[in-house]
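Topology and contacts: notes
So the chains spell out like this:
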Amino acid sequence: MAEEVKIIDSLWILKTDAGYKIGLTNEAQEDLGNITFATMPKVGQKLQKGDSLIELEAEKAVSEFSTPISGTIVAINEAAEQDTSVLDDADQKNAWIAILTDVDEAELNQA
């Protein structure tokens, strides 16, 4: 990822035209092993920093990832909702979880 990506707590954050895209880092993917189930967030959901973003069940662990930023979910990775192996993609930009808007950039810069 050549774009300006921030890594916070095993999640990457990338500012896009649609909002702030959040996904799993390759390191998180390796720590989890093959992901078998994901509880995805809901579009329209408002999250505060520290709220649960996604819960994943995998061969090595069950993990809950908290959102590193506050905002409103405007899109989720529907492909990952249908097939959780998308979250294991070696190209981590394909392992995105959600896109948030209404993000406080100051909060992001403090992270």
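Cut-offs applied
- Residues numbered from 1 in each chain as written.
- Predicted model: local features only at pLDDT ≥ 70, side-chain atom pairs only at ≥ 80, totals over all residues.
- Heavy atoms only, no water.
- UniProt positions renumbered as here; feature names shortened; annotations may be inferred.
- Pairing = 2+ DSSP bridges.
- Helix = DSSP H or I, 4+ residues; strand = E, 2+ residues; numbered from the N terminus.
- Axes fitted to C-alpha atoms, helices over the stretch in contact; angles between N-to-C directions.
- Contact = heavy atoms within 4.5 Å.
- Buried < 20%, exposed > 50% of the residue type's maximum accessible area, 1.4 Å probe, protein only.
- Core = buried A, V, L, I, M, F, W, Y, C linked by side-chain atoms within 4.5 Å.

Per an unreviewed UniProt entry, the chain goes by the name GcvH family protein and belongs to Enterococcus haemoperoxidus ATCC BAA-382. Taken verbatim from the UniProt record of the chain, the Sequence similarities (unreviewed entry) comment is "Belongs to the GcvH family."

Spatial ordering of the open sheet is given by β4-β6-β7, a layout of 3 strands whose pairing is antiparallel. The sheet is open, and its two borders are formed by β4 (35–39) and β7 (62–66), each paired with just one other strand. Within this sheet the neighbouring strands show an average axis-to-axis angle of 20°, counted without direction. The pairing of strand β6 (residues 52–58) with β7 spans 5 bridges and is antiparallel. Bridge pairing in β7 links Ile-54 to Phe-65.

Per the UniProt record, "domain: Lipoyl-binding" (unreviewed entry) is annotated on residues 19–101. Taken end to end, residues 19–101 comprises 14% helix and 43% strand; its first and last C-alpha atoms sit 5 Å apart.

Another aspect to go through is the side chain of Ser-63. Locating Ser-63 in the fold gives a position in strand β7. When sequence neighbours within four positions are dropped, the list of residues in contact with Ser-63 reads Leu-32, Ile-54, Glu-55 and Leu-56.

Taking burial as the measure, the 5 residues of strand β3 (residues 20–24) include 5 buried ones, the bulk of the element. Residues of β3 alternate between two faces, with Tyr-20, Ile-22 and Leu-24 on one and Lys-21 and Gly-23 on the opposite face, all of them buried. Hairpin remark: strand β2 (residues 11–15) followed by β3, antiparallel, with 4 residues in the connecting loop; positive phi at Gly-19, about 145°. Examined bridge by bridge, β3 and strand β9 (residues 96–101) share 4 bridges and lie antiparallel to one another. Considered in β9, the bridge of Ile-22 is made with Ala-98.

One finds Leu-24, Leu-53, Ile-54, Leu-56, Leu-87 and Ile-97 to be the most contacted residues of the largest nonpolar core, which totals 28 residues. Elements with a contribution of two residues or more to this core: β2, β3, α1 (26–32), β4, β6, β8 (71–76) and β9. Residue contributions to this core peak at 4 residues, all from β6. Once you skip the residues sitting within four places of it in the chain, Leu-56 turns out to touch Leu-24, Leu-32, Ile-35, Phe-37, Ala-38, Ala-61, Val-62, Ser-63, Phe-65 and Leu-87.

Let us now look at the environment of Glu-55. Considering the arrangement of structural elements, one finds Glu-55 in strand β6. Linking Glu-55 and Met-40, residues 15 residues apart in sequence, is a C-alpha distance of 7.1 Å. Ignoring any residue separated from it by four or fewer positions in sequence, one finds Glu-55 in contact with Phe-37, Ala-38, Thr-39, Ser-63 and Glu-64.

Within the fold, Gln-48 resides in the loop between β5 (46–47) and β6. Separated by 22 residues in the primary sequence, Gln-48 and Ser-70 place their C-alpha atoms 4.2 Å from one another. Dropping the residues within four chain positions of it, Gln-48 is found in contact with Thr-67, Ile-69 and Ser-70.

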